[in-house]
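# A look at the structure
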Amino acid sequence: MQRISVVGSGYLGVTHAAGLAELGCEVVGLDLDEAKVARLARGELPFHEPGLAELVREHVTSGRLRFTTSYDEAAEFADVHFLCVNTPQQPGGEVADLSHLEAAVHRLVPLLRRECLLVGKSTVPVGTAARLAGVVADLAPAAVAVRLAWNPEFLREGHAVADTLSPDRIVLGVTGQESEKVLRDVYAPLADAGVPFVVTDLATAELIKSAANAFLATKISFINAMAEVCEVAGADVTLLAKGLSYDPRIGDRFLDAGLGFGGGCLPKDIRAFAARAEELGVGDALSFLREVDSINLRRRARAVHLVREQCGGTLDGRRVAVLGGAFKPDSDDIRDSPALHVAEELRRGGAEVTAYDPVANDNIRRHHPALVCADTVEDACAGADAVVLATEWAQFREVDPEALGTVVAHRHVVDARNALDPERWRRASWDYRALGRR
Ligand code: UGA
């Protein structure tokens with residue numbers, strides 16, 4: 001049985017650790033946060049992810065998964081060490097902050113006592129793995145062979161368990177056949193299930209990840225750019241997307257126009273990718289990602305504009321309900337959330353904003369203390385001059401517009417995710433406005 005350590009027990013690390021335990025490996029998950037490790041050891045997650053707490057509990061109980069704060073324990077236990085620490089955007093800059101990754105390598109590698117493989121999973125600027133391979137060689141004790149590979153992760157929040165246990169593909173960036181063999185052994189059940197493997201050099205593996213997120217962000221901004229045109233041309237972007245989707249070369253996924261992309265990955269990854277291209281002297285090649293970013297941010301401003309219009313041209317003293325706070329449904333992650341960006345802009349414009357999210361309320365209260373947070377849709381909307389649907393949770397789609405109409409002050413709704421049925425809301429006498437539709 002493979003003995004694995006997973007360094008970093010954030011979103012990616014916990015999912016990967018539990019996924020590998022499910023695939024039959026013995027896994028120790030490492031994090032420096034004692035409180036987090038204690039919760040995980042009890043099978044409690046520090047974040048919301050459908051199905052993951054059950055998987056963690058199952059394998060903590062089966063004995064294949066445990067958590068620790070000790071680098072010594074991880075070094076002593078495992079033959080393969082996955083690096084799953086986060087690489088956020090640097091404060092005040094666009095480039096990725098690699099300090100957690102560097103720190104993990106500096107802590108772990110000097111403790112290694114036998115031949116092993118370090119495997120980076122974090123999203124990094126191209127060239128990082130090759131540089132870290134040199135650092136690893138310098139830090140490894142004499143006569144201990146420590147290799148480095150890069151195995152980027154493509155999981156989506158809200159679908160993390162399924163994406164880990166049945167991924168679209170496994171990308172292995174390696175410098176030799178030994179590393180490839182170790183990783184093929186780790187992922188053998190996935191290979192048996194027919195998951196395709198792409199084996200590359202380190203730089204290509206890093207770039208596949210950056211390119212994947214850049215492509216997804218571009219697809220979303222493409223349809224949101226079409227939404228801008230639809231708004232002035234009197235057209236409907238949802239039907240436009242439908243009209244495109246039957247072309248199999250285009251497809252129907254990631255063409256939902258609305259408030260655009262947020263979260264801890266796409267926004268910071270496209271900025272870091274563009275910044276890295278500039279460092280490498282090919283900034284022009286990725287300058288379109290700046291435009292992708294601008295289109296994305298303009299959608300947030302447009303949603304605020306629509307609310308202001310509905311409120312008679314001013315937000316001052318108006319009561320606005322924002323339904324949704326998470327950056328997307330089935331997640332409590334509010335990092336760079338378009339919904340909360342809109343909520344804060346409305347508040348800064350003078351509105352009294354009440355937000356409600358089915359699972360992200362605790363995070364909203366902690367990080368956005370100036371917003372009022374309600375515990376139900378009805379409480380959020382009581383007395384509202386306008387309602388904004390900002391995250392397309394299933395429960396919001398099912399709201400009865402007639403019933404909700406009885407609690408608001410004015411039947412004004414901005415459907416910023418194109419999630420509601422316009423006819424139904426208009427029949428209930430709502431002034432229904434959306435992004436990219438008449
Ligand atoms: C994204 C990628 O989809 C994953 O493949 C990748 O592994 C991950 O980043 C990462 O780098 O870790 P995630 O951030 O969980 O995953 O979220 P997505 O499902 O990609 O959604 C991102 C944002 O785009 C959300 O705010 C969502 O509301 C928005 N979106 C998505 C749209 O506005 N329109 C769409 O059609 C699709």
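The numbers attached to residues start from 1 for each chain and follow its sequence in the written order. pLDDT decides what is reported in this predicted model: residues at 70 or higher carry local features, side-chain atom pairs at 80 or more are listed and counted, and totals for whole chains, interfaces and linings draw on all residues regardless. Working from all heavy atoms in the structure, the side-chain values ignore hydrogens and water.

A run of H or I in DSSP counts as a helix once it spans at least four residues, and a run of E counts as a strand once it spans at least two, with each numbered from the N terminus. Counting its regular elements, the protein chain contains 19 helices and 14 strands. What you see for the protein chain is a C-alpha radius of gyration of 23 Å, in line with the 22 Å of a compact globule of 438 residues. Each principal axis of the C-alpha atoms in the protein chain carries an extent, and together these give about 75 × 50 × 40 Å. Scored against the burial criterion, the 438 residues of the protein chain give a buried share of 54%. Any pair of residues with heavy atoms lying within 4.5 Å of one another is described as a contacting pair. A fraction of 72% describes how many contacts in the protein chain between residues 6 or more apart in sequence connect residues 24 or more apart. Carbon and sulfur atoms make up 52% of the accessible area of the protein chain, which amounts to about 18,400 Å² in all. When charges are tallied, Lys and Arg are placed among the positive residues and Asp and Glu among the negative ones, while His and the ends of the chain are skipped. To locate a charge, the coordinates of NZ of Lys, CZ of Arg, CG of Asp or CD of Glu are taken. Taken as two groups, the 48 positive and 63 negative side-chain charges of the protein chain have centres that lie 2 Å from each other. Radius of gyration means the value over C-alpha atoms here, while the globule rule gives 2.2 Å times the residue count to the 0.38 power. Only protein chains enter the accessibility calculation, which uses a 1.4 Å probe. A residue is then buried if its area is under 20% of the maximum for its type, exposed if over 50%, and partly exposed in between. Areas reported as accessible are Shrake-Rupley estimates using a 1.4 Å probe. Residue values count occlusion only from the protein chains shown.

So, about the sheet that holds strand β9 (residues 319-323). Within the open sheet, the 6 strands sit side by side as β11-β10-β9-β12-β13-β14. Their pairing is parallel. Looking at which strands have only one partner, the edges of the open sheet turn out to be β11 (372-373) and β14 (431-434). Here, strands pair whenever DSSP counts at least two bridges between them. Relative to β14, strand β13 (residues 412-415) runs parallel, the two sharing 4 bridges. Paired with H412 across the strands is D431, a residue of β14. Between N-to-C directions, angles span 0 to 180 degrees; the directions come from axes that are lines fitted to C-alpha atoms, helices contributing only their stretch in contact. Against the sheet, helix α14 (residues 338-348) touches β9, β10 (352-356) and β12 (386-389), its axis set at about 175° to β9.

The subject of this paragraph is the packing of aromatic side chains. Aromatic pairs are defined between Phe, Tyr and Trp rings, using the six-membered ring for Trp, whenever the two ring centres lie within 6.5 Å; interplanar angles under 30 degrees are classed as stacked, those over 60 as edge-to-face, and all others as tilted. Here the structure, examined in full by the defined rule, presents 4 aromatic pairs. Note on criteria: charge over ring means Lys NZ or Arg CZ within 6 Å of the ring centre, with the direction from the centre no more than 35 degrees off the ring normal. In this structure, R66 is placed above the aromatic ring of F77, and the distance from its NZ or CZ to the ring centre is 4.6 Å. Cation over ring: R169 sits above F154, and NZ or CZ is 3.6 Å from the ring centre.

Here we come to the site of the ligand. Only heavy atoms are used to decide nearness, and a residue is near a molecule or strand if one of them lies within 4 Å of it. Around the ligand sit 21 residues, and of these F154, L155, E157, K209 and N213 come closest. Counting of polar contacts relies on pairs of N or O atoms within 3.5 Å, with two restrictions inside protein: one atom must be capable of donating a hydrogen and the other of accepting it, and residues adjacent in sequence are counted only when both atoms are side-chain atoms. K209 places a polar side-chain atom, nitrogen or oxygen, 2.7 Å from an oxygen atom of the ligand. The side chain of R417 places a nitrogen or oxygen atom 3.3 Å from an oxygen atom of the ligand. Considering the ligand on its own, with 720 Å² of exposed area, one finds that the protein chains cover 90% of that surface. Going through the elements one at a time, α10 (202-233) and α12 (266-279) are the ones with two or more residues in the shell around the ligand. At 4 residues, the largest contribution of residues to the shell around the ligand is made by α10. Taken together, the residues that form the shell around the ligand break down as 10 nonpolar, 3 polar and 8 charged. Note that Gly is not counted as nonpolar here; it falls among the polar residues with everything else outside the nonpolar set of Ala, Val, Leu, Ile, Met, Phe, Trp, Tyr, Cys and Pro and the charged set of Asp, Glu, Lys and Arg.

Turning next to the pattern of salt bridges. Salt bridges are counted wherever a side-chain nitrogen of Lys or Arg sits within 4 Å of a carboxyl oxygen of Asp or Glu. Applying the stated rule across the entire model yields 32 salt bridges. Close ionic contact of E291 with R298 constitutes a salt bridge, the shortest N to O distance being 3.9 Å. Assessed through its relative accessible area of 41%, E291 is described here as partly exposed. Here E345 and R348 are joined by a salt bridge, their closest N and O atoms 3.0 Å apart. With a gap of 3 residues between them, E345 and R348 both fall in helix α14, about one helical turn apart.

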